[in-house]
Amino acid sequence: MTEKRVNTVRLQRIAKAYWETGALFAAIDLDVFTHIDGGANTVPSLGAAVKIGDLNAERLLDALAGLELVTRSPDGVYANAADVERFLVQGKRGYAGAWMTFMREKWGDWGRLSEVLLSQETEPLGMYDDLTVESARTYHKATYSIGMGAARKFHREVDLTGRKRIMDLGGGSGAYCIVGAQTWPGLEAVVLDLPPVVTVAREFIAENGMSDRVTAEPCDFTKGPFPAGCDVAIQASNLPIYDRATWLHVVAMVFDALEPGGEYHLIGETLNDDRMGPIAPSLWGLYEAIPRSIGHAHTNAECVGYLEAAGFRDITVTEFIPETLTRISGRKPG
Ligand SMILES: C[S@@+](CC[C@H](N)C(=O)[O-])C[C@H]1O[C@@H](n2cnc3c(N)ncnc32)[C@H](O)[C@@H]1O
């Protein structure tokens, strides 16, 4: 039996994966997908619409077709792929261009990641150490563009009938609280986040007309204290920012603050228990070296352990966004 010969195809794709990012960012910057949706869907019409000419339009469309972001008919008419049509066409409710490009400023850091890893420096709040209202506004314009869809999905899947008050730890734009109050009659909610983010969360809450039932308050969730009177706690998309000891401490504080019978939903970028992927959560963990946080990726089993150690019961692990986010939920005995 001869062993199957390996080749360099996979390694070459990974080595040049940043070319794929470059093609996607150029298409977003030039609003290519919006123009295709609007009818500029051939090489010459797109080249004219986005002012890059025929030669560059052909180059870019070939790459986007190779990436399966667009399809091409035999007569040279291009169409957006289904996910592109939903999330990358300006003016559509799902438009998430801000989220797709919000890590662009870190591009250079990924190119010198070995230096970053060798420095082994850490700062307690990582990228949130030098947050300003202005940078928080830019950041959460991006999280809001993807977070409202995630929040709608959460409130479709989790029944909060009869619940009184949510606390959302590291709630960012307030998406989960805003949609919660819109979905569940009478439900109130408080977004807890760092002071510059609170200013921005209040803007999103007001923009959605929910200021009567949703508030935002400054709180470092690694320190507390957390508000009393909440029977739901949500914590979404901040798992890799902190280490195991911090999570054990945070989840224990959540348990203490929740009303008896209350529920906690940790929605995190979790690894499989064998730490063999998925790739997105593993890269979020690696990313944390760049802002020099103390964080890393956590497995589903580790998260279940944080809830168990705090005293939560009826713990469940539910896929939320495939290969990206998992919901670990538990109940405080009532
Ligand atoms: C990726 S955003 C997620 C926002 C929101 N949960 C969502 O899913 O749309 C992470 C959030 O965690 C917040 N955060 C990180 N560390 C925090 C801490 N120690 N205390 C309070 N908020 C924190 C950040 O300010 C940021 O708003």
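Given the structure is predicted, the values throughout are model-derived calculations rather than measurements.

Caption draft 1: The site of the ligand, seen in detail. Looking at the ligand, there are 20 residues lining it, with Asp193, Asp220, Phe221, Ala236 and Tyr242 nearest. Here Gly170 contributes a backbone N or O atom positioned 2.9 Å from a nitrogen atom of the ligand. Contacts to the ligand include Asp220, whose side-chain N or O atom sits 2.8 Å from a nitrogen atom. Protein chains shield 96% of the accessible area of the ligand, which is 600 Å² for the free molecule. Residues of the shell around the ligand, tallied by class, amount to 11 nonpolar, seven polar and two charged.

Caption draft 2: Representation of the packing of helix H13 (residues 244–257) against helix H15 (residues 300–310). Where H13 meets H15, the axes come as close as 8 Å, and the angle between the chain directions of the two elements is 45 degrees. With respect to H15, the element H13 is oriented oblique. For the pair H13 and H15, the crossing hand works out as right-handed. Listed contacts from H15 to Arg244, Trp247, Leu248, Val251, Ala252 and Phe255 of H13 are Glu302, Tyr306, Leu307, Ala309 and Ala310. Class assignment for the residues of the contact of H13 with H15 results in nine nonpolar, no polar and two charged.

Caption draft 3: A look at the domain arrangement of the protein chain. Once the domains are mapped, the protein chain shows domain 1 (9–90) and domain 2 (109–331). Inter-centroid distance (C-alpha atoms) of domain 1 to domain 2 is 34 Å.

Caption draft 4: Representation of the pattern of salt bridges within the structure. On inspection of all chains with the given rule, the structure shows 16 salt bridges. With its nearest N and O atoms 3.4 Å apart, the salt bridge here joins Glu115 to Arg112. Here Glu115 falls in the partly exposed class, since its relative accessible area comes to 49%. Given the relative accessible area of 31%, Arg112 is considered partly exposed. Measuring nitrogen to oxygen at the nearest pair gives 2.5 Å for the salt bridge that ties Glu302 to Arg244. Note that Glu302 is positioned in helix H15 and Arg244 in helix H13, a separation of 58 residues in sequence.

Parameters at a glance
Residues numbered from 1 in each chain as written. Predicted model: local features only at pLDDT ≥ 70, side-chain atom pairs only at ≥ 80, totals over all residues. Heavy atoms only, no water. Near = heavy atom within 4 Å. Polar contact = N/O pair within 3.5 Å; in protein donor to acceptor, adjacent residues only side chain to side chain. Areas by Shrake-Rupley, 256 points an atom, 1.4 Å probe, with all protein chains shown as cover. Nonpolar A, V, L, I, M, F, W, Y, C, P; charged D, E, K, R; others polar. Axes fitted to C-alpha atoms, helices over the stretch in contact; angles between N-to-C directions. Helix = DSSP H or I, 4+ residues; strand = E, 2+ residues; numbered from the N terminus. Parallel < 35°, antiparallel > 145°, perpendicular 65-115°, else oblique. Left-handed = near helix turned anticlockwise from the far one by under 90°. Contact = heavy atoms within 4.5 Å. Domains from an automatic or database assignment. Salt bridge = Lys/Arg side-chain N within 4 Å of Asp/Glu carboxyl O. Buried < 20%, exposed > 50% of the residue type's maximum accessible area, 1.4 Å probe, protein only.

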